[in-house]
Amino acid sequence: MDDSAKRLLQRLVRRIPTQMLRDTLDKWERLTAKQREFVDFTQSKWTITQELLAVCEERELSVKHIAELEMIYVIGNPNQGMWHTFQLVDAEDDAHSLELVQFKEQFKSHLSELKRNVAVKIKKHTDEAVWIRIAWGDTFSRPNHLKATYVVHYLQTPFVFVSGLLSKHKPLLLQALTLSTRHQGIKDANLSGQKLTAIRDLLMRQYQHVFPTKYPSPLAERNRSVSSFVHLDPHIENEQAEASANRHRMAGEAFGNGMLPALQSAVYKLETKFRDLTNETMTERDKPLRCVVKFSSPNILESLRHCASTGIASTPVTPLLSSIPLKGRNYFVITDNAPSASSQMCQTQD
Amino acid sequence: MSLLNPFNKRPGLNTATILLVENEEQFQQSLANVLVEETAVTVNVRLAKTLPIPTKNDESRPRIDLVVFIINLTLDKSVKSAKASLKYLDPGYFLGKVCFMVTNARQALGCTGRLDAVRQLAVSLHCPLLFAEDQTPEGVTSSARRLLTILKVASGLVPNTTALYLSNLTRCAMPPDIDQPSFD
């Protein structure tokens, strides 16, 4: 085993928690059962590394195989690192009938044309996602497996999720993706986060929606308002039950019901003029006040829905907040609408 | 603007009605569940977020004997919303039929300004100020028991006592050393 394979293996063993290491090695299937039993997982990580190195030497595994192990780990635990989303635009006619084998060949050939010495591994996951692992090298150096880029793409959708991409490799990757998926362009979708599952569910709208209806339920039952407001005792009555039921309904319409994808931050970049009637000096300035507002929470959609349903945020929910799930973005740039000084409207722009 | 009036309806037989006003709508739920368990008297509980309450329920609503404002001392909005709701009550309520219940006083030790403000409010209106603990079931039960004691008097179910007599005993008074620097 050469140096880079050893280093990659050491890095991996340090990074993966011991319990998951055992399962990942089982899934890898490159070691025999006897070899797997030989490795004692109750020891310290250093000892485990030495034992694994010995076992891999026996099997004469190369860096490609270790890269496979890393890929299996990342596919099983995608909620790490920072994922950014891109959207493919202008599909050509045959984009909808693209199939996996064709995509794989095209992507590999395009990428190697653009840059020599790249190591690409493509794998199809059970849930229709295509995972691509890219180790970048150049004409003078071998591919660097320690800093690999991961790309997730769902065929026939225009969305691509990328993690670990350096800016010098970005145009190459984007061009290869565009050509191999038969589109004409690709743009930044302004959605990023740590949890891949959350941003994927948000973008593909895989959560429970509430559709606005004029007549919510045909029979007016006593307990039809929200579950937390159910009073089984007839002596308890909520005076403002209708108002709170309305708030809940509008919050649900804006954000959805049930479990929401665990998006963790939303960033608003403001380039609007300062507006405060009590502060003359600041309001007089012509140039916009640049300011960035960041919301973060373990589950930001859940928090915003709670704000709306308890009345902290006014309902109907402002489009600034409701466009997070509606447009599937969490980075917004807000500018003033130019025309007249009296109409002070904000609008979101790309 | 229709104010909530304490004397414009006839009382029910062996019945007492309490109105819990709370901006956060949390503590009032658990309090209500404990209050209705009282067996000696039929207790009706009405819940609201703020006053005024919608007038369309006026006919079906029984006479409200006690109005309790639940204030969470850790939130500024709670205090402001309670103050704003006060003006929708008929002055007749302030003769012993209004009570302030305050939660999270321990957490709010850092910002005593809010607690002092609520105390000033209770003193100026001659109302009792109760401190409650809302996180444990024992806390909820003990607050409910105290409210029930005041409620029974306010609805006239205790002989030889009226709400006005009781309020002389329970009303909040400013501590005498409020103008002197406190020991922190």
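Figured I'd write up the structure that's included with this text. What you see is a predicted model, and the numbers here were worked out from it, not measured in a lab. (Residues numbered from 1 in each chain as written. Chains lettered and ligands numbered in written order. Predicted model: local features only at pLDDT ≥ 70, side-chain atom pairs only at ≥ 80, totals over all residues. Heavy atoms only, no water.)

**A few points about the overall build of chain A**
Keep this limit in mind: Strands here mean DSSP runs of E at least two residues long; helices mean DSSP runs of H or I at least four residues long; both are numbered from the N terminus. As a reference, a globule follows 2.2 Å times the number of residues to the power 0.38, and the radius of gyration itself is taken over C-alpha atoms. Here's how the labels work: a residue is buried when its accessible area is under 20% of the maximum for its type, exposed when over 50%, partly exposed in between, all with a 1.4 Å probe on protein chains only. Any two residues having at least one pair of non-hydrogen atoms within 4.5 Å are treated as being in contact. Residue burial considers only the protein chains on display, and all accessible areas are found by Shrake-Rupley using a 1.4 Å probe. Positive charges come from Lys and Arg, negative ones from Asp and Glu, while His and the chain ends are left out of the count. Charge positions come from single atoms, namely NZ of Lys, CZ of Arg, CG of Asp or CD of Glu.
Along the backbone of chain A there are 12 helices and 11 strands. Rg of the C-alpha trace for chain A: 26 Å, well past the compact-globule value of 20 Å for 350 residues, more than 25% over. Its C-alpha atoms put chain A at 75 × 60 × 45 Å along the principal axes. Among the 350 residues that make up chain A, the fraction classed as buried is 40%. Counted over contacts in chain A with a minimum sequence separation of 6, partners at least 24 positions apart contribute 68%. In the form shown here, chain A has an accessible surface area of approximately 19,800 Å², with 51% of it arising from carbon and sulfur atoms. If the 45 positive side-chain charges of chain A are averaged to one point and the 39 negative ones to another, these points end up 4 Å apart.

**Here we look at the side chain of S322 of chain A**
For S322 of chain A, the position within the fold is in helix α12 (residues 319-327). Each residue touching S322 of chain A, except ones within four places of it in the same chain, is listed here: A254 and V317 of chain A.

**Notes on the interface of chain B and chain A**
The criterion, for reference: Using a 1.4 Å probe, buried area is obtained as the accessible area two parts lose upon being combined, added over both of them. One speaks of a salt bridge when a side-chain nitrogen belonging to Lys or Arg is within 4 Å of a carboxyl oxygen belonging to Asp or Glu. Whenever a nitrogen or oxygen atom comes within 3.5 Å of another N or O atom, the pair is scored as a polar contact, on the condition that within protein one atom can donate a hydrogen and the other can accept it, and that pairs from neighbouring residues in sequence are kept only if both atoms are in side chains.
Counting residues at the interface gives 21 residues for chain B, matched by 14 residues for chain A. Counting the surface lost from both chain B and chain A, the interface buries some 1,500 Å², and carbon and sulfur atoms represent 39% of this. Applying the counting criterion to the chain B and chain A interface returns four salt bridges. At the boundary of chain B with chain A, the tally comes to 11 residue pairs in polar contact (both at pLDDT 80 or more).

**Some thoughts on helix α2 (residues 18-28) of chain A**
Residue and element names in this part refer to chain A. In plain terms, the rule: Think of the arc as the fan of directions from the helix axis to the C-beta atoms.
Within the span of α2, buried status applies to L21, T24, L25 and W28. Take α2 and look down its axis: the buried residues cluster within an arc of 100°, on one side only. Buried residues in α2 make contact with α1 (3-15), α3 (33-38), α4 (45-59) and α5 (63-76).

**Side note on the pattern of salt bridges**
Opposite charge on two side chains lets them pair, provided their charged atoms get close. The final tally for this structure, using the stated rule, is 20 salt bridges over all chains. The salt bridge partner of K124 of chain A is E128 of chain A, with a shortest N-O separation of 3.4 Å. For K124 of chain A, a relative accessible area of 37% translates into the label partly exposed. One network of salt bridges, with partners in common, ties together E237 and E239 of chain A together with R46, D58 and R61 of chain B.

**Observations concerning the packing of aromatic side chains**
Here is the rule we go by: When two rings of Phe, Tyr or Trp (its six-membered ring) have centres within 6.5 Å they constitute a pair, described as stacked for plane angles under 30 degrees, edge-to-face for angles over 60, and tilted for the intermediate range.
As enumerated under the stated definition, the model contains six aromatic pairs over all chains in all. Judged by centre distance (5.7 Å) and plane angle (25°), the ring pair of F69 of chain B and F100 of chain B falls under stacked. With F69 of chain B in strand β3 (residues 66-72) and F100 of chain B in strand β4 (residues 98-103), the pair connects residues that are 31 residues apart, well separated along the chain. For the pair formed by F69 of chain B and F100 of chain B, the shared burial category is buried. A connected cluster of aromatic rings, assembled from ring pairs, spans W83, W131 and Y150 of chain A.

**Things to note about the environment of Y207 of chain A**
Residues and elements named next belong to chain A. Within the secondary structure, Y207 sits in the loop between α8 (196-203) and β7 (236-238). Linking Y207 and P261, residues 54 residues apart in sequence, is a C-alpha distance of 7.2 Å. Those residues in contact with Y207, other than ones at most four positions away along the chain, are D201, L202, F255, G256, M259, L260, P261 and P325.

**Remarks on the pairing of β3 of chain B**
Residue and element names in this part refer to chain B. In plain terms, the rule: Only strands joined by at least two bridges in the DSSP assignment are considered to pair. Crossover handedness is defined by viewing with both strands directed away from the observer: a clockwise path from the first strand over the helix to the second marks the crossover as right-handed.
Counting buried positions over the seven residues of β3 gives seven, a clear majority of the element. Neither face of β3 is open: one carries L66, V68, I70 and N72, the other V67, F69 and I71, and all of them are buried. Both strand β1 (residues 15-22) and β3 contribute to a ladder of five bridges, which runs parallel. Paired with I18 across the strands is L66, a residue of β3. Bridge analysis of β3 against β4 gives six bridges, and the strand direction is parallel. Across the sheet, V67 pairs through a bridge with V98, a residue of β4. At this point the chain moves from β3, through helix α2 (residues 76-86), to the parallel β4, and the crossover so formed is right-handed.

**Quick notes on the sheet that holds β3 of chain B**
We apply this condition: Only the stretch in contact is used when fitting a helix axis, every axis being a line fitted to C-alpha atoms; angles between N-to-C directions are given from 0 to 180 degrees.
Reading across the sheet, the six strands line up as β7(A)-β2(B)-β1(B)-β3(B)-β4(B)-β5(B) and stay open at both edges, with parallel pairing between neighbours. Looking at which strands have only one partner, the edges of the open sheet turn out to be β7 of chain A together with β5 (129-132) of chain B. Averaged over neighbouring strand pairs, the angle between their axes works out to 25° when direction is ignored. Seen against the sheet, helix α1 (residues 27-35) of chain B touches β7 of chain A together with β1, β2 (42-48), β3, β4 and β5 of chain B and runs at an angle of roughly 165° to β1 of chain B. Across the sheet, α2 of chain B is in contact with β3 and β4 of chain B; its angle to β3 of chain B comes to roughly 155°.

**Some details on the sheet that holds strand β6 (residues 183-193) of chain A**
Residues and elements named next belong to chain A. Read across the sheet, six strands follow the order β2-β3-β4-β5-β1-β6 without closing on themselves; strand pairing throughout is antiparallel. The open sheet is flanked by β2 (119-124) and β6, the only strands paired with a single partner. Sheet twist, expressed as the average angle between the axes of neighbouring strands with direction ignored, equals 20°. Where strand β1 (residues 83-91) meets β6, seven bridges bridge the pair, whose relative direction is antiparallel. Residue H84 lies in a different strand from β6, and its bridge partner there is S192.

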